[in-house]
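What follows is each chain in one-letter form.
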Amino acid sequence: MTAIDKELDNIKELFISMMELVRKQLQRSRTALLEHNSRLAGEILINELKVNELELTIEKACEQTIALHQPVATDLRFILAVFKAVSELERLADHVEGIARVLIDKEVPFNRDTLNNLQTESMFKQSVKMFDDIICSLNDQDTELARSVFKRDKFLNKAFRRSTASILEQLKDETTDSSELLRLFQILYRLERIGDLLTNVAELIIFYIEAVIIKHQKKGRKIEKKMKELKDCQEQKNDDNSK
């Protein structure tokens, strides 16, 4: 095995370790939600430091490998893909941390019927499966498996749109627990963003293996519009209650 092969193997091992760590963080947030476990949510905040450390370690390894070995073709694509992907994973981990903070601040469990109606657990399951598909696609060099992530992301997008519409409708009812719904919206929004970031990682895996650049449509403006609608609805409800 050549020196550069050893470096590439090390980078791959670190990259997979980071993916598995962030996946575990996401799985913990799901468990913390369903079990109303603030201790578990607190562990997510602590482990966020490990995610940041891994990101820096991998970026440094990529930079050193390029500087010392001047890789080309597939090797260079791999390093470039990993270098960009770890940034996406770090942003993803920030969203998981955001979910954990919502759970820590919640004094009572979320209503289970509301969770089911808003497809919360289904969105968590799809997100975790996206992680599994990406890790397997990298290990097996399987771009079809990487592309399966796109379909799961579409499910998350549709579920998020339906859930947001349902939340907006429920907020019109003065008897609705608006605080719980808005907290759930924060969680659902972050799950939707997690799906987008995992899609970015899947695209980078495909770029590395096939030397093909795939760009998917950004949905930022639509999400911002939904968030504004929720804010306006809540402000209107507060104004009505103060009269």
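Nothing here was measured: the structure is a model prediction, and the numbers come from that model.

**Points about the overall build of the chain**
- If you tally the helices and strands in the chain, you get eight helices and zero strands.
- From first element to last, N terminus to C terminus, the chain shows the α and β order α-α-α-α-α-α-α-α.
- A burial count over the chain gives 48% of its 243 residues as buried.
- Contacts in the chain between residues far apart in sequence, at least 24 positions, make up 83% of those at least 6 positions apart.

**A short note on empty space enclosed by the protein**
- Counting across every chain of the model gives one cavity of 30 Å³ or more.
- When its volume is computed, the largest cavity comes out at roughly 40 Å³.
- Around the largest cavity, the lining residues are A32, L33, H36, N37, S38, L103, K106 and F110.
- When its residues are assigned to classes, the lining of the largest cavity shows four nonpolar, three polar and one charged.

**Here's the deal with the packing of helix α5 (residues 120-140) against helix α7 (residues 178-210)**
- Packing of α5 against α7 brings their axes to within 10 Å, and their N-to-C directions diverge by 15 degrees. Classified by the interaxial angle, the pair formed by α5 and α7 is roughly parallel. Here the hand of the crossing between α5 and α7 comes out left-handed.
- Across the contact of α5 with α7, the residue classes tally to 17 nonpolar, five polar and one charged.

**So, the environment of I79**
- The topology assignment puts I79 in helix α3 (residues 73-105).
- Residues I79 and A61 lie 18 residues apart in sequence; the distance between their C-alpha atoms is 9.2 Å.
- Dropping the residues within four chain positions of it, I79 is found in contact with L8, I11, C62, T65, I66 and P71.

**Looking at the side chain of K106**
- Along the chain, the position of K106 falls in the loop between α3 and α4 (112-117).
- Looking at K106, the relative accessible area reads 9%, which means it is buried.
- Polar contacts involving the side chain of K106 include one to the side chain of E180, which spans 3.3 Å.
- With near-sequence residues (within four places) excluded, K106 lies in contact with H36, E180 and R183.

**Some remarks on the confidence of the model for the chain**
- Of all residues in the chain, 88% attain a pLDDT of 70 or more, and the chain-wide mean is 90.
- Mean pLDDT values for the elements of the chain range from 55 in helix α8 (residues 220-242) up to 97 in α5.

**Comments concerning the nonpolar core**
- The biggest cluster of nonpolar side chains holds 68 residues, and the ones touching the most others in it are F15, M19 and I187.
- Counting only elements with at least two residues in this core, the list comes to α1 (3-35), α2 (38-69), α3, α5, α6 (143-171) and α7.
- Counting residues per element, this core draws most heavily on α7, at 16 residues.
- Contacts of F15, omitting those with residues within four sequence positions, involve I58, V82, A85, V86, L89, L138, V201 and I205.

Quick notes on the rules
- Residues numbered from 1 in each chain as written.
- Predicted model: local features only at pLDDT ≥ 70, side-chain atom pairs only at ≥ 80, totals over all residues.
- Heavy atoms only, no water.
- Helix = DSSP H or I, 4+ residues; strand = E, 2+ residues; numbered from the N terminus.
- Buried < 20%, exposed > 50% of the residue type's maximum accessible area, 1.4 Å probe, protein only.
- Contact = heavy atoms within 4.5 Å.
- 1 Å grid on protein atoms, 1.4 Å probe; cavity = no way out; pocket = protein on both sides within 12 Å on 5 of 7 lines; lining within 4 Å.
- Points joined across faces, edges and corners; volume = space filled by probe spheres on them.
- Nonpolar A, V, L, I, M, F, W, Y, C, P; charged D, E, K, R; others polar.
- Axes fitted to C-alpha atoms, helices over the stretch in contact; angles between N-to-C directions.
- Parallel < 35°, antiparallel > 145°, perpendicular 65-115°, else oblique.
- Left-handed = near helix turned anticlockwise from the far one by under 90°.
- Polar contact = N/O pair within 3.5 Å; in protein donor to acceptor, adjacent residues only side chain to side chain.
- pLDDT = per-residue confidence, 0-100.
- Core = buried A, V, L, I, M, F, W, Y, C linked by side-chain atoms within 4.5 Å.

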